[in-house]
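Residues per chain are reported as follows:
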Amino acid sequence: MPRQLWVEEPAGTRRMPDAVRTAAVRAVLVMALTIIQAVIAFLCTLAGSWLAFPMVLSSVASTVVATWAVLDVWVTRQVWNQRHGVVSAPSSTARQMRRERRRAQRAARAAERDEADGRIRGRRGAGDLSRA
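Predicted model, so just to flag it, every value in this text is computed and none were measured. (Residues numbered from 1 in each chain as written. Predicted model: local features only at pLDDT ≥ 70, side-chain atom pairs only at ≥ 80, totals over all residues. Heavy atoms only, no water.)

Visitor: Looking at this model, I keep getting lost on the overall build of the protein. Mind explaining?
Guide: Across its full length, the protein holds three helices and zero strands. Starting at the N terminus and walking to the C terminus, you meet the elements of the protein as α-α-α. Each of the 132 residues in the protein was classed as buried or not, and the buried ones make up 14%. In the protein, the share of contacts with a sequence separation of at least 24, taken over all contacts with a separation of at least 6, comes to 56%. Total accessible area on the protein is roughly 11900 Å²; 62% of this is exposed by carbon and sulfur atoms. (Helix = DSSP H or I, 4+ residues; strand = E, 2+ residues; numbered from the N terminus. Buried < 20%, exposed > 50% of the residue type's maximum accessible area, 1.4 Å probe, protein only. Contact = heavy atoms within 4.5 Å. Areas by Shrake-Rupley, 256 points an atom, 1.4 Å probe, with all protein chains shown as cover.)

Below you can see the structure in the form of structure tokens.
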């Protein structure tokens, strides 16, 4: 039997949401252009070209834009997580505190029920079903 050329393996991590992926692609493109622009500005400076000063200024502006693009990826990811609910694994202490709180609430409800049950029985007379 011949070996397969392509073998699919399950993905190790889940796919990024579309909005986050779009922002990440945009950030990578802006960063690549910024790096290219910085290299050109450096080479123009070494060559003593008149283009050096405008390129350095535009490289500084591009750096600001690239930083903004990276922050946009981070903010978009946070907003997506907040809107679409990310499954989180609470720490063991948080889980333990929640268990204790539930236990206390159950005990309080049970005590309240018993108290209400006792009042009803007291009115009708020691648990008799009927007095007829």
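Visitor: Explanation requested: helix H1 (residues 18–47) in the structure shown.
Guide: For H1, with 30 residues, the first-to-last C-alpha span of 44 Å sits near the 44 Å given by 1.5 Å per residue. For H1, every residue scored as buried is listed here: Val20, Ala23, Ala24, Ala27, Thr34, Gln37, Ala41 and Cys44. Tucked inside the fold, the buried residues of H1 contact helix H2 (52–84). Among the residues trailing H1, Gly48 stands out with phi positive, at a value near 75 degrees. (Expected span 1.5 Å × (residues − 1).)

Visitor: What exactly am I supposed to notice about the nonpolar core here?
Guide: A general tendency of soluble globular proteins is for nonpolar side chains to be buried together. In this structure, Ala23, Ala24, Ala27, Ala69 and Val73 together form the largest nonpolar core, which totals five residues. Secondary structure elements with two or more residues in this core: H1 and H2. No other element matches H1, which puts three residues into this core. For Ala23, the contacting residues outside a window of four places in its chain are Asp72, Val73 and Thr76. (Core = buried A, V, L, I, M, F, W, Y, C linked by side-chain atoms within 4.5 Å.)

Visitor: When you look at the pattern of salt bridges in this model, what are you seeing that I'm missing?
Guide: Once their charged atoms are close, side chains differing in charge can pair, the charge on each being opposite to the other. Taken as a whole and assessed by the stated rule, the structure comprises three salt bridges. Of the charged contacts, one joins Asp72 and Arg26 as a salt bridge, the two residues approaching to 2.8 Å between their closest N and O atoms. Taken as a pair, Asp72 in helix H2 and Arg26 in helix H1 lie far apart in primary sequence, 46 residues in all. Here Arg26 falls in the partly exposed class, since its relative accessible area comes to 42%. If you follow the salt bridges from partner to partner, you end up with Arg15, Asp18 and Arg21 in one network. (Salt bridge = Lys/Arg side-chain N within 4 Å of Asp/Glu carboxyl O.)

Visitor: I'm lost on the UniProt feature "transmembrane region" (unreviewed entry) in the protein in this one. Help?
Guide: Under the local residue numbering, the UniProt record ascribes the feature "transmembrane region" (unreviewed entry) to residues 23–50 and 56–75. Annotated as residues 23–50, this span is 89% helix and 0% strand, and its ends, taken at the C-alpha atoms, are 35 Å apart. Annotated as residues 56–75, this span is 100% helix and 0% strand, and its ends, taken at the C-alpha atoms, are 29 Å apart. (UniProt positions renumbered as here; feature names shortened; annotations may be inferred.)

Visitor: Just checking my understanding: could you explain the side chain of Ser62 for this structure?
Guide: Structurally, Ser62 can be placed in helix H2. In this structure, Ser62 is in contact with Thr34 and Gln37, ignoring residues within four places of it in sequence.

Visitor: Explain the environment of Ala24 to me, please; I cannot follow it from the model alone.
Guide: Residue position: Ala24 is located in helix H1. Through-space distance from the C-alpha of Ala24 to that of Thr76 is 9.4 Å; in sequence the pair is 52 residues apart. With residues near it in sequence (within four places) discarded, Ala24 still touches Met16 and Val73.

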